[in-house]
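Architecture at a glance
Residue-level listing of the chains:
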Amino acid sequence: MNLYNSLKIDRFKIDFFQLVSLSEYVIFIENNNQPEVVNYIVSNYSTIQNTFKNKGKRFILWSEIVGQSSNLESIKYFYPRLPKYNISEKLNFKIIKKYLGYNGDITTGLLAIDNTCEFIRFEYNSVPDFKQLVSSFLANIYIGEVLHSPSIYDGDTNIKLDNESKEAIDIIFTQFNILKDNGSFLHVLPIIESYLKTQNTEQLDKLSALKIDEKFNIFLSDYNLEIKLSHLSKSIYLLFLNYPKGILLTELNRYKKELLELYKSVSNRLDFDKMKESIDDLTDTNSNAIYVHLSRIKSAFTKVIHESIAQHYFIDGGKNMPKKIDLDRTLLVRCNMKDEWSKLIDKYGDPFSGLDLNV
């Protein structure tokens, strides 16, 4: 009789919506009575992991992760609502069991996590039996043809990330994949469990409020992040915030006076002629200066949060289409606005009319 077919297998569902997904993990959770199996796994760890990787899975030996500590800061780039990490609570099976919502009685074996999870009881201390378990498990995984979907990006390709941001993002992705591959990623579970106790689960995927303070500093307040921009880039950003339907770049000169006044308010510069010269260049249809600043704005957001989130905050839009900030304006918070901006609102209209956004 095939050993695999004789093992108890618990199957259960999990919805990773608004949770940190552990999909693709396959964890061998051992007990203290399996030294031969554990020694075999440790001695052949890379080979076993690569075998699983070829099937789109991440294989982890439980004892290899529970004692290690790692820098988990890169995780916040993908999950910015999570607080800063302080690994004070030791990772244990009880935590992962609670997180996955597993209520069965299996405590040792192969835990394969996906939307439909499998926990295969394996308590043998036999390397041949373990090999058979792995072989049978992998044989039941079907890898279909990978279909490359056409790009859904409809933004302006002239709005590019700067090289510094590209390099920083590449480093974050590399660190994140290392954390996932070696299992250190699982150390966030105690933090998530603690965080969920004090938060409404439905809020976890909600975008952060965008806060503009009295000095025109820009914050993603729920993520505890400040977006650093030059005075001119910040003035451009504030201008686009004022126009939810967007602005055609070919018509930017229509907003020259408003942009100049924003620039004066934000920068407090006294060399008015140089400021005016910068705005003239920016609004010149024969100049690409505006794209330089739109790229800087995109880079500033994308450098601190994943683009799937950042895209709601930076300025973008299809080629030859109005450029806009695709953010629900109910998420916009203005704090004790300076008289200068209040005057602009009186002059150009209040884009926040009807919204109770003052704090």
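Everything quoted here is computed from the prediction, not taken from an experiment. (Residues numbered from 1 in each chain as written. Predicted model: local features only at pLDDT ≥ 70, side-chain atom pairs only at ≥ 80, totals over all residues. Heavy atoms only, no water.)

1. Topic: the sheet that holds strand E4 (residues 109–112)
Ordered in space as E1-E5-E4-E2-E3, the 5 strands form an open sheet in which the pairing is mixed. With one partner strand each, in any of the chains shown, strand E1 (9–13) and strand E3 (58–61) form the two edges of the open sheet. The sheet shows a mean angle of 15° between the axes of neighbouring strands, direction not considered. Inspection of the sheet shows strand E2 (residues 25–29) paired to E3 by 4 bridges, in the parallel sense. Considered in E3, the bridge of Tyr25 is made with Arg58. Helix H3 (residues 45–53) contacts E2 and E3 of the sheet and is inclined by roughly 145° relative to E3. (Pairing = 2+ DSSP bridges. Helix = DSSP H or I, 4+ residues; strand = E, 2+ residues; numbered from the N terminus. Axes fitted to C-alpha atoms, helices over the stretch in contact; angles between N-to-C directions. Contact = heavy atoms within 4.5 Å.)

2. A few points about the pairing of E1
Here E1 shows a clear split, with Asp10 and Phe12 buried on one side and none of Ile9, Arg11 and Lys13 buried on the other. For E1 and strand E5 (residues 116–121), the ladder comprises 5 bridges, and the chain directions are antiparallel. If you follow Lys13 over to E5, its bridge partner there is Thr116. (Buried < 20%, exposed > 50% of the residue type's maximum accessible area, 1.4 Å probe, protein only.)

3. So, the pairing of E5
Summarising the sheet, E4 and E5 pair through 4 bridges and their orientation is antiparallel. Along E5, the bridge assignment pairs Gly109 with Arg121. The loop that links E4 with its antiparallel partner E5 comprises 3 residues.

4. A word on helix H13 (residues 289–302)
The end-to-end C-alpha distance of H13, which contains 14 residues, comes to 20 Å, matching closely the 20 Å that a straight helix rising 1.5 Å per residue would cover. Judged by how many residues are buried, H13 sits mostly within the fold: 12 of 14 residues are covered. Those residues of H13 that sit buried are Ala289, Ile290, Tyr291, His293, Leu294, Ser295, Ile297, Lys298, Ser299, Ala300, Phe301 and Thr302. (Expected span 1.5 Å × (residues − 1).)

5. A closer look at the environment of Lys131
Inspection of the secondary structure puts Lys131 in helix H7 (residues 127–139). Each C-alpha atom, one on Lys131 and one on Ile48, is 10.0 Å from the other, the two residues being 83 residues apart in sequence.

6. Focus: a negative patch on the surface
A surface patch of like charges, here negative, comprises Asp273, Glu277, Asp281 and Asp284. Mapped onto the elements, Asp281 comes out in helix H12 (residues 272–283). (Patch = residues over 30% accessible without salt bridge, like charges linked within 9 Å, V, L, I, M, F, W, Y side chains within 5 Å. Areas by Shrake-Rupley, 256 points an atom, 1.4 Å probe, with all protein chains shown as cover. Salt bridge = Lys/Arg side-chain N within 4 Å of Asp/Glu carboxyl O. Lys, Arg positive; Asp, Glu negative; His and termini not counted. Charge placed at Lys NZ, Arg CZ, Asp CG, Glu CD.)

7. Here we look at H12
The terminal C-alpha atoms of H12, which comprises 12 residues, lie 17 Å apart, in line with the 16 Å expected from a rise of 1.5 Å per residue. Buried within H12 we find Met275, Ile279, Leu282 and Thr283. For H12, the arc enclosing every buried residue in end-on projection is 85°, short of the 170-degree limit, so these residues lie on one face. Seen from the buried face of H12, the exposed residues on the opposite side, beyond 90 degrees, are Asp273, Lys274 and Glu277. (Arc of directions from axis to C-beta.)

8. Overview of the nonpolar core
Ranked by internal contacts, the top residues of the largest apolar core, which has 59 residues, are Phe59, Phe130 and Phe137. Leaving out residues up to four positions away in the same chain, Phe130 has contacts with Phe28, Val37, Tyr40, Ile41, Ile48, Phe59 and Phe122. Counting 45 residues, the second-largest nonpolar core is a separate cluster that includes Tyr237, Val266, Ile279 and Leu294. (Core = buried A, V, L, I, M, F, W, Y, C linked by side-chain atoms within 4.5 Å.)

9. Notes on the packing of helix H10 (residues 231–241) against helix H11 (residues 256–267)
At a minimum axis separation of 9 Å, H10 and H11 run at an interaxial angle of 130°. With respect to their mutual orientation, H10 and H11 come out oblique. With respect to the hand of their crossing, H10 and H11 are arranged in right-handed fashion. For the pair formed by H10 and H11, the contact residues are His231, Leu232, Lys234, Ser235, Ile236, Leu238 and Leu239 on the first element and Glu258, Leu259, Leu262, Tyr263, Val266 and Ser267 on the second. In terms of residue class, the contact of H10 with H11 is made up of 8 nonpolar, 3 polar and 2 charged. (Parallel < 35°, antiparallel > 145°, perpendicular 65-115°, else oblique. Left-handed = near helix turned anticlockwise from the far one by under 90°. Nonpolar A, V, L, I, M, F, W, Y, C, P; charged D, E, K, R; others polar.)

10. A look at the confidence of the model for the chain
Mean pLDDT for the chain: 84, with 81% of residues reaching 70 or above. The secondary structure element of the chain with the lowest average pLDDT is helix H15 (residues 339–348), at 55, and the one with the highest is helix H2 (residues 35–43), at 97. Contacts of residues 144–152 to residues separated by more than four positions or lying in other chains number 0 contacts, the stretch itself having pLDDT below 50. In this model, residues 350–359 is a region of pLDDT below 50 whose contacts with residues beyond four sequence positions or in other chains number 22 contacts. (pLDDT = per-residue confidence, 0-100.)

11. Digging into the pattern of salt bridges
With the rule as written, the count across this model stands at 14 salt bridges. When the shortest N-O distance is used, the salt bridge between Lys8 and Asp105 registers 2.7 Å. Here Lys8, found in the loop between helix H1 (3–6) and E1, pairs with Asp105, found in the loop between helix H6 (93–100) and E4; they are 97 residues apart in sequence, far enough to count as distant. Classification of Asp105 by relative accessible area gives partly exposed; the value is 48%.

12. Notes on the sheet that holds strand E7 (residues 218–220)
One open sheet holds the 4 strands; their spatial order is E8-E7-E6-E11, and the pairing between them is mixed. Every interior strand has two partners, whereas the edge strands, strand E8 (225–227) and strand E11 (332–334), have only one. With direction set aside, neighbouring strand axes in the sheet form an average angle of 25°. Along the sheet, H10 contacts strand E6 (210–212), E7 and E11; its crossing angle with E6, the most-contacted strand, is approximately 115°.

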